[in-house]
Amino acid sequence: MTDQHKTVNIDIRQDLFGANEDAAALNATLFKEHGITVIDIMGSVGTGKTQLIETLCETLREQYKILMIAGDLATNIDADRVGSHDVDTVQINTGTACHLDARMIRVALNDIDLSKYDLIFIENVGNLICPAGYSLGADMKIVVVSVTEGPYMIRKHPLTIKRADMIVINKIDLAEVLEFDVDALVKDIREVDANLSVHKVSSKTGMGIPELIKTLGL
Ligand SMILES: Nc1nc2c(ncn2[C@@H]2O[C@H](COP(=O)(O)OP(=O)(O)OP(=O)(O)O)[C@@H](O)[C@H]2O)c(=O)[nH]1
Ligand SMILES: [Mg+2]
């Protein structure tokens, strides 16, 4: 028996997140080199992420050369929806992964001529938990919540809210008929982060979209 007895405790999660942060920093450098603004849009299934991107693209596509990256387990549905607005798209099918990560973005953009674009919208896989832990190298993380998910989604997902740069409360047009207390939801957000930018919009009717675009500096 030698006196060399070494124990190494590997925190796989730490290792995984660390590697992703490195890859995200590389992506961020690449985007910066090309002068591209990149917005990562997260949120539960059905909150209106694709609808929001479609509405933003309708307004912004004359002004910006836009690429949309769609994260989805299995389909091209969202990329096709956004593509119908005359915007270029890249679909990432994650199979079983419940989030996009920085390396997926890098691989997806491998053969894309980035000099053609100045604005990228990334639609993350629909859920309010996993995507928040993985930076993609975007300039900004927006979390889309909506009035159709019940009143507790902020209180149940404080970490995701903490990591966001902006919260968009979508489907405001349905608030009254659903008797949804939007002010209470804003109060919940303020309790997690008093200074977080919050926008109330209807991606369907366009309500609040000009103000959102202004805040995004676009
Ligand atoms: N009334 C109303 N409906 C909306 C609004 N935004 C989205 N929707 C509807 O909500 C449904 C879901 O919208 P999507 O944009 O597909 O939601 P998503 O977050 O992209 O969903 P996943 O990609 O499946 O996670 C669709 O039927 C939309 O038309 C809105 O502001 N108001
Ligand atoms: Mg979608």
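Residues numbered from 1 in each chain as written. Chains lettered and ligands numbered in written order. Predicted model: local features only at pLDDT ≥ 70, side-chain atom pairs only at ≥ 80, totals over all residues. Heavy atoms only, no water.

1. Quick word on the coordination of the magnesium ion (ligand 2)
(1) Moving on: Looking at the metal site, the magnesium ion (ligand 2) is ligated by T50 (OG1), D78 (OD) and E123 (OE), spaced 2.0 to 2.2 Å from it.
(2) Moving on: When the donors of the magnesium ion (ligand 2) are listed by position in the chain, the intervening gaps give T-x27-D-x44-E. Of the two residues, D78 sits in helix α3 (residues 77-83) while E123 sits in strand β4 (residues 119-123), which places them 45 residues apart along the sequence. (Donors = N, O, S within 2.8 Å, 3.2 Å for Na, K, Ca; no water. Helix = DSSP H or I, 4+ residues; strand = E, 2+ residues; numbered from the N terminus.)

2. Here we look at the state of the cysteines
(1) Moving on: In total, this model carries one disulfide according to the counting rule given.
(2) Moving on: Residue pairing for C98: its cysteine sulfur links by disulfide to C130, the two sulfurs lying 2.4 Å apart. Here the disulfide of C98 and C130 is left-handed, its torsion about the S-S bond being about -105°. Within this pair, whereas C98 is found in the loop between β3 (88-93) and α4 (102-108), its partner C130 is found in the loop between β4 and β5 (140-146), the two being separated by 32 residues in sequence. (Disulfide = S-S within 2.5 Å.)

3. Observations concerning the sheet that holds β3
(1) Moving on: Pairing is parallel across the open sheet formed by seven strands, whose spatial order is β3-β2-β4-β1-β5-β6-β7. In this open sheet, the two strands that pair with only one neighbour each are β3 and β7 (197-200). If you compare each strand with its neighbour and ignore which way they point, the axes differ by 20° on average.
(2) Moving on: In this sheet, β3 lies alongside strand β2 (residues 66-72) in parallel orientation, the contact comprising six bridges. Following the sheet pairing, L67 is matched in β3 by D88.
(3) Moving on: Sheet strands touched by helix α2 (residues 49-60): β1 (37-42), β2, β4, β5 and β6 (166-170). Its angle to β4, the strand with the most contacts, is close to 165°. (Pairing = 2+ DSSP bridges. Axes fitted to C-alpha atoms, helices over the stretch in contact; angles between N-to-C directions. Contact = heavy atoms within 4.5 Å.)

4. Some points on the packing of α2 against helix α8 (residues 209-216)
The geometry of a pair of packed helices is captured by two quantities: the angle between their axes and the separation between those axes.
(1) Moving on: Between α2 and α8, whose axes approach to 11 Å, the crossing angle comes to 80°. The orientation of α2 with respect to α8, classified from their angle, is roughly perpendicular. Residues L52, T55, L56, T59 and L60 of α2 touch α8, and the partners they reach there are I209, L212 and I213.
(2) Moving on: Grouping the amino acids of the contact of α2 with α8 by side-chain chemistry returns six nonpolar, two polar and no charged. (Parallel < 35°, antiparallel > 145°, perpendicular 65-115°, else oblique. Nonpolar A, V, L, I, M, F, W, Y, C, P; charged D, E, K, R; others polar.)

5. As for the side chain of T94
(1) Moving on: Among the secondary structure elements, T94 is positioned in the loop between β3 and α4.
(2) Moving on: Of the polar contacts made by the side chain of T94, one reaches the backbone oxygen of A97; its length is 2.8 Å.
(3) Moving on: Those residues in contact with T94 that lie beyond four places of it in its chain are D72, L73, H99, L100, M104 and V125. (Polar contact = N/O pair within 3.5 Å; in protein donor to acceptor, adjacent residues only side chain to side chain.)

6. Examining a nonpolar patch on the surface
(1) Moving on: The grouping of L174, V177 and L178 at the surface amounts to a nonpolar patch, some 260 Å² of accessible area in total.
(2) Moving on: Mapped onto the fold, L178 is located in the loop between β6 and α7 (182-192).
(3) Moving on: Residue class for L178 comes out partly exposed when judged on its relative accessible area of 43%. (Patch = residues over 30% accessible without salt bridge, like charges linked within 9 Å, V, L, I, M, F, W, Y side chains within 5 Å. Areas by Shrake-Rupley, 256 points an atom, 1.4 Å probe, with all protein chains shown as cover. Salt bridge = Lys/Arg side-chain N within 4 Å of Asp/Glu carboxyl O. Buried < 20%, exposed > 50% of the residue type's maximum accessible area, 1.4 Å probe, protein only.)

7. Regarding the nonpolar core
(1) Moving on: Within the largest apolar cluster, 27 residues are counted, with the highest numbers of intra-cluster contacts made by L60, F121, I142 and L212.
(2) Moving on: Counting residues per element, the ones that place at least two in this core are β1, α2, β2, α3, β4, β5, β6 and α8.
(3) Moving on: Broken down by element, the residue count for this core peaks at five residues, all from α2.
(4) Moving on: Aside from chain neighbours lying at most four places away, what touches L60 is I66, L119, F121, I213 and L218. (Core = buried A, V, L, I, M, F, W, Y, C linked by side-chain atoms within 4.5 Å.)

All quantities given are derived from atomic positions and should not be read as evidence of function.
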